[in-house]
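# Chains, contacts and geometry: an overview
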Amino acid sequence: MEQKIPTMAEMAAEGKQPEILFWVGCAGSFDERAQRITRDICKILQHVDISFAVLGTEEGCTGDPAKRAGNEFLFQMQAMTNIQVLDGYNIKKIVTGCPHCFNTIRNEYPALGGNYEVIHHSQLIQQLIDDGKLKAEGGESFRGRKITFHDPCYLGRGNDVYEAPRRALEILDADLVEMKRCKSNGLCCGAGGAQMFKEPEPGKKDINDERMQDVLEAKADVIASGCPFCMTMLTDGIKHMEKEQEIKVLDIAEITVKANGL
């Protein structure tokens, strides 16, 4: 089924202003796995009847990888371009599908003049559950499944968002298990700080393989994620451990869509 998502340019042409801008991000736009999460976030927004739009081709990279890799000049160029576009459309509230975009627009953009209310999609889902607009019924049952949440660095330790994603899982009829390294003591998936775009440095073990040990110890059969980078690293870790039949990696948005039968 094709989803019709309006762009800010289309809305502005009609003289309309959406309640929320959905910032899709590079992974959500171009990575095939992350595109599925993008579609599911849109399904949730459409289901609860929130007026939203995307920037489409006017959206550029937030500059997070450039900044983390040490290219401050490139970061500021990318950020200033985005701020110009956002301010041109008078954007006030942004929801992101990626903790890296969330962190950068929320914490780095104000110093360059870009001030917005920014929420991660897990926080949006939590709000919708608290408002009674999302309920885990009418869709796939997670009864008897053991689900563990992997805390993305830029969501958890970077911005103290620990409860929102867990709240989205608590309403499921599932067993929630925590890995021994979780919340403020969580372990990085190995892709942050622009590491996603380079080969790992020499060492005894890849970080995502180390993280898989935590998953196996927790005996989880579903790893819930909230970040496209984590999604890639966790999925690769499962492939490496040859556990693809036993363990699935799903984003919080995907789990919500499945549970609500959207």
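Residues numbered from 1 in each chain as written. Predicted model: local features only at pLDDT ≥ 70, side-chain atom pairs only at ≥ 80, totals over all residues. Heavy atoms only, no water.

## A short note on the pattern of salt bridges
In this structure the tally under the stated criterion is 19 salt bridges. When the shortest N-O distance is used, the salt bridge between K4 and E10 registers 3.7 Å. Assessed through its relative accessible area of 60%, K4 is described here as exposed. The class of E10 is partly exposed, set by a relative accessible area of 37%. Notably, a salt bridge pairs K16 with E14, separated by 3.0 Å at the nearest N-O pair. Overall, E14 belongs to the exposed group, its relative accessible area being 54%. (Salt bridge = Lys/Arg side-chain N within 4 Å of Asp/Glu carboxyl O. Buried < 20%, exposed > 50% of the residue type's maximum accessible area, 1.4 Å probe, protein only.)

## Things to note about the sheet that holds strand β5 (residues 146-149)
One open sheet holds the 4 strands; their spatial order is β6-β5-β7-β8, and the pairing between them is parallel. The strands lining the two open edges of the sheet, one partner per strand, are β6 (175-176) and β8 (248-251). The pairing of strand β7 (residues 222-225) with β8 spans 4 bridges and is classified as parallel. Following the sheet pairing, S225 is matched in β8 by D251. (Pairing = 2+ DSSP bridges. Helix = DSSP H or I, 4+ residues; strand = E, 2+ residues; numbered from the N terminus.)

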